[in-house]
Each structure stands twice: as C-alpha cells, then as structure tokens.
Amino acid sequence: MARIIKHLIASATLLALSGATLAESVVCHVSYGGTTQQVEALPVSSPYRVSPVAIGSYFLFRIVFQKEPADLANIKLYTYADRDSGPVIIHQASYAYPLVNAAVNGFSGLNYVYEPVRDGELQYWCETK
C-alpha cells in the first residue's frame, strides 16, 4: 500500500511540474485569399518587441499578449495594410486578461477586416491555448 501511495505522490508531482512549464498562448486563425494560417503568441514583458506576421502580400497581423503586470494584462490584436510607404494600422482590438474562450470562435469572435485600396478581406478569430 505504501508503494502505491509513493507512486501516486510521484505521479502527482510530475503532473504539477509539467503543468507549470506549459506556457499559455494566444492562437489566431487568420484567413485571407482562400488560405488560413495560425499565428501564435506567447506572453511578452514588453509590447514593443512584438513584430507583425505577413498575411498574403498586403496584410500584417500582430498579437501582443501581456500577462504582467496585472494592471496592464491584456491581449491586443492589430491588422496593418503593408503599403509602399510603410505599414498603416487599419484594425485594432483589445481584450482584458484573463479572459474566457467562447464556445464558437474563441474569445474574439469572428472578425472581418477590409483593406480600402485593394478591397482585400481578412478574417480572423482567436483563442487561448
């Protein structure tokens, strides 16, 4: 019996340690031009170090996931048009953290972003993992 209890304690300890090392992330499902890609972001200490990800040839998508300090904890999503003169922000959404995923389309719901020059449409929804 003592052997079983030791095994259970060791298993519980391993589970607790492995759970502690798993980092929460934000995953956005971004669709443009008939293709969907996942953009993932881990928590950052400074939003200024987060670069956008190219989506197709004209959009840039950026996720800033900040968990600390608690008074600044949030998730911000940015969409830019990548123009010849430089990126121009065309959409921004903010979500207080911590948050709860909805049953459909994560915490953000399904969003549509339109680019005014080329009439491009980008769709996205985001969830935490």
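Everything below is about the structure shown above.
Please read all numbers here as calculations on a predicted model, not as lab measurements. (Residues numbered from 1 in each chain as written. Predicted model: local features only at pLDDT ≥ 70, side-chain atom pairs only at ≥ 80, totals over all residues. Heavy atoms only, no water.)

*Asks:* I tried to follow the packing of aromatic side chains on my own but got confused; where do I start?
*Replies:* How two aromatic rings sit relative to each other is given by the distance of their centres and the angle of their planes. All chains considered together, the criterion is met by six aromatic pairs. Consider the rings of Tyr-58 and Phe-59, whose centres lie 6.4 Å apart with planes at 75°: the pair is edge-to-face. Neither Tyr-58 nor Phe-59 differs from the other in exposure class; each is buried. Through pairs of rings, three or more aromatic residues link up here, namely Tyr-32, Tyr-58 and Phe-59. Taking NZ or CZ as reference, Arg-62 lies 4.9 Å from the ring centre of Tyr-78, over its face. (Phe/Tyr/Trp six-rings, centres within 6.5 Å; stacked < 30°, edge-to-face > 60°. Buried < 20%, exposed > 50% of the residue type's maximum accessible area, 1.4 Å probe, protein only. Lys NZ or Arg CZ within 6 Å of the ring centre and 35° of its normal.)

*Asks:* Help me out: how do you make sense of the sheet that holds strand 4 (residues 59-66) in this one?
*Replies:* Either a parallel or an antiparallel arrangement is found when strands of a sheet pair, and the pairing is made through backbone hydrogen bonds. Spatial strand order, 3-4-5-6: four strands in an open sheet with antiparallel pairing. Looking at which strands have only one partner, the edges of the open sheet turn out to be strand 3 (53-55) and strand 6 (86-96). Each adjacent strand pair in this sheet contributes to an overall mean axis angle of 25°, direction not counted. (Pairing = 2+ DSSP bridges. Helix = DSSP H or I, 4+ residues; strand = E, 2+ residues; numbered from the N terminus. Axes fitted to C-alpha atoms, helices over the stretch in contact; angles between N-to-C directions.)

*Asks:* Just checking my understanding: could you explain the sheet that holds strand 7 (residues 111-114) for this structure?
*Replies:* Pairing is antiparallel across the open sheet formed by four strands, whose spatial order is 2-1-8-7. Only two strands of the sheet have a single neighbouring strand rather than two, namely strand 2 (35-41) and strand 7. Neighbouring strand axes in the sheet, compared pairwise and without regard to direction, differ in orientation by 25° on average. With seven bridges joining them, strand 1 (residues 26-32) and strand 8 (residues 121-128) adopt antiparallel strand pairing. For Tyr-32, the partnering residue across the bridge sits in strand 8 and is Leu-122.

*Asks:* Would you explain the nonpolar core in this entry?
*Replies:* The nonpolar side chains of a soluble globular protein tend to be buried with one another. Phe-61, Ile-63, Ile-75, Leu-77 and Tyr-124 are the most contacted members of the largest nonpolar core, which totals 21 residues. Secondary-structure elements contributing two or more residues to this core are strand 1, strand 2, strand 4, strand 5 (74-83), strand 6 and strand 8. Those residues in contact with Ile-75 that lie beyond four places of it in its chain are Val-26, Ile-63, Val-64, Phe-65, Ala-93, Ser-94, Tyr-95, Tyr-97, Leu-99, Phe-107 and Thr-128. Residues Val-50, Leu-60, Val-64 and Tyr-78 belong to the second largest nonpolar core, which totals five residues. (Core = buried A, V, L, I, M, F, W, Y, C linked by side-chain atoms within 4.5 Å. Contact = heavy atoms within 4.5 Å.)

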